[in-house]
Structures are given as C-alpha cells and as structure tokens.
Amino acid sequence: MDQLFAPWRIEWVEREERNEDVDGCVFCTLPEREDARGSRVVAASERAFVLLNNYPYNPGHVMVIPREHTGDYRALDDAVLLDHARLKRRTFDALETALSPDGFNAGLNLGRSAGGSIGDHLHTHVVPRWAGDTNFMPVISETKVIVEAVEDTYDRLHAAFAGQPGATDRGPDRTVELRFD
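Below is a summary of the structure that appears in this document. What you are looking at is a predicted structure, and each value in this text was computed from that prediction instead of being measured.

Reading the values: the criteria
- Residues numbered from 1 in each chain as written.
- Predicted model: local features only at pLDDT ≥ 70, side-chain atom pairs only at ≥ 80, totals over all residues.
- Heavy atoms only, no water.
- Helix = DSSP H or I, 4+ residues; strand = E, 2+ residues; numbered from the N terminus.
- Buried < 20%, exposed > 50% of the residue type's maximum accessible area, 1.4 Å probe, protein only.
- Contact = heavy atoms within 4.5 Å.
- Areas by Shrake-Rupley, 256 points an atom, 1.4 Å probe, with all protein chains shown as cover.
- Expected span 1.5 Å × (residues − 1).
- Arc of directions from axis to C-beta.
- Salt bridge = Lys/Arg side-chain N within 4 Å of Asp/Glu carboxyl O.
- 1 Å grid on protein atoms, 1.4 Å probe; cavity = no way out; pocket = protein on both sides within 12 Å on 5 of 7 lines; lining within 4 Å.
- Points joined across faces, edges and corners; volume = space filled by probe spheres on them.
- Nonpolar A, V, L, I, M, F, W, Y, C, P; charged D, E, K, R; others polar.
- Core = buried A, V, L, I, M, F, W, Y, C linked by side-chain atoms within 4.5 Å.
- Axes fitted to C-alpha atoms, helices over the stretch in contact; angles between N-to-C directions.
- Parallel < 35°, antiparallel > 145°, perpendicular 65-115°, else oblique.
- Left-handed = near helix turned anticlockwise from the far one by under 90°.

### Some remarks on the overall build of the protein chain
Point 1. When helices and strands are tallied, the protein chain shows six helices and seven strands.
Point 2. For the protein chain, the succession of helices and strands along the chain, N to C, is α-α-α-β-β-β-α-β-β-α-α-β-β.
Point 3. Buried residues in the protein chain amount to 39% of all 181 residues.
Point 4. Within the protein chain, contacts between residues separated by at least 24 positions form 61% of all contacts whose residues are at least 6 apart in sequence.
Point 5. For the protein chain, the exposed surface amounts to about 10,400 Å²; the carbon and sulfur share of it is 49%.

In structure tokens:
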C-alpha cells in the first residue's frame, strides 16, 4: 500500500486558536446566526444543517451536521438520524446540480483520534471528487489548489438547494430551508 506523508497537517491538528469569535460549540452557534452566508450555512432541515467547510479539500466540501450537540452517533434518536440521512441525500443532489462531480467521499470522523477536529459535535463530511482532482502540488510544494472561492461555491449550492422540492429560499444571505414530505 502506498502512503502519503503530509506533515504540514499537524499544524491544523494541534492549533490552539479555534474559532475565537464563537462562544461554545461552533456547530451549535453558526446555524443560529442571521448571516447564513457569512457563517457558510447553506441549507437546513428541522434537525440538521449543511455547512461549507472553511478549509475545503475540494470545492463543494461540506459537512452535514445534526443540530443535536453530541459526539456519540449512537446517542441520536431515530428522528434525528432520519433527518440527517435525508439531508445528506439532498446534499448529494445539490452538489451534483451545482458542481457535476464524478463521485463523492462521505464519512464521519468520530473523536479526535479519528481525525475529527471538533470531536464533541458529530458531522458528516461530503467531499465532491473529480477524475484527476489530485496532483503533485500538495506533495512537492505543500500547496493545495482550490479552483473556486468558497463564496462562489456557496452561491452555486444555495441555488441548487433552492431549486429542490420542498425548499424555501429566503434570499441569498439566508439558509435555504428544506422540508421532507
């Protein structure tokens, strides 16, 4: 098996300044803010929301996050689990509409040792992938090339979510609200 050694990532893992402008859990605070665009909250359902990653691996890298504050997946009740799953499905649809990826990586990092930088509030990463989207840049120059600004991705995803059945679009700076009927 080939392994990629990425020692520059340790700076992110061990950083001390984490979301200085947020009191408490960032995942509990961000969806409550009025400025969804500034907070990067692009869509929400009753029990979960979709947040663009500030440090994406690829354009469209989002997290689908239950509103319930827990790091234990087994602690979520059936209503939250179903809502979270439905929102993930809608997220795949929105990403396909907005960005036309060739595939996705999706998964949970449960706990710090699993790679989760926020271990006490679980979240599912969804990363769009394209054939050939990895290259030599991170290996030889410690540089990841992101081909689209997060703000532009927000606009594209916002429009894609807004076009879905059961969506309520309250404007470009507000979260698209989704209902599952």
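More follows now that the structure is in view.
### Describing helix 4 (residues 78-99)
Point 1. With 22 residues, helix 4 extends 31 Å from end C-alpha to end C-alpha; this agrees with the ideal 32 Å at 1.5 Å per step.
Point 2. Within helix 4, the full set of buried residues consists of Val80, Asp83, His84, Leu87, Arg90, Thr91, Ala94, Leu95, Ala98 and Leu99. Each buried residue of helix 4 sits inside an arc of 145° when the element is viewed along its axis, so together they form one side. More than 90 degrees from the buried face of helix 4, the exposed residues found are Asp78, Arg89 and Thr97.

### Some thoughts on the pattern of salt bridges
Point 1. Per the counting criterion, the structure on display carries seven salt bridges.
Point 2. For Asp155, the salt bridge is made with Arg37, and the minimal N-O distance between the two is 2.3 Å. Of this pair, Asp155 sits in helix 6 (residues 150-162) while Arg37 sits in helix 3 (residues 36-39), and the two are 118 residues apart along the sequence.
Point 3. With a relative accessible area of 23%, Arg37 lands in the partly exposed category.
Point 4. Ionic pairing is found between Arg74 and Asp72, a salt bridge with its closest N-O pair at 2.9 Å.
Point 5. Each member of the salt-bridge network shares a partner with another, and the members are Arg37, Asp155 and Asp173.

### Things to note about empty space enclosed by the protein
Point 1. With the rule as written, the count across this model stands at one cavity of 30 Å³ or more.
Point 2. The space that makes up the largest cavity amounts to roughly 40 Å³.
Point 3. Pro56, Pro59, Gly60, Val150 and Thr153 are the residues nearest the centre of the largest cavity, which is lined by 11 residues in total.
Point 4. Residues belonging to the lining of the largest cavity are distributed by class as follows: five nonpolar, five polar and one charged.

### Overview of the nonpolar core
Point 1. Judged by nonpolar contacts, the single largest core of 22 residues is most densely connected at Val50, Leu157 and Phe161.
Point 2. Elements with a contribution of two residues or more to this core: strand 1 (41-44), strand 2 (48-52), strand 3 (62-66), helix 4, helix 6 and strand 7 (176-178).
Point 3. Ignoring any residue separated from it by four or fewer positions in sequence, one finds Val50 in contact with Arg40, Val41, Val42, Ala43, Val62, Met63, Val64, Leu87, Thr91 and Phe161.

### Digging into the packing of helix 4 against helix 6
Point 1. Relative to each other, helix 4 and helix 6 sit at 120°, their axes nearing to 8 Å. Between helix 4 and helix 6, the crossing angle belongs to the class labelled oblique. Between helix 4 and helix 6 the crossing geometry is right-handed. Of the residues in helix 6, those in contact with Arg90, Thr91, Ala94, Leu95, Thr97, Ala98 and Leu99 of helix 4 are Thr153, Arg156, Leu157, Ala160 and Phe161.
Point 2. Of the residues assigned to the contact of helix 4 with helix 6, the class counts are seven nonpolar, three polar and two charged.

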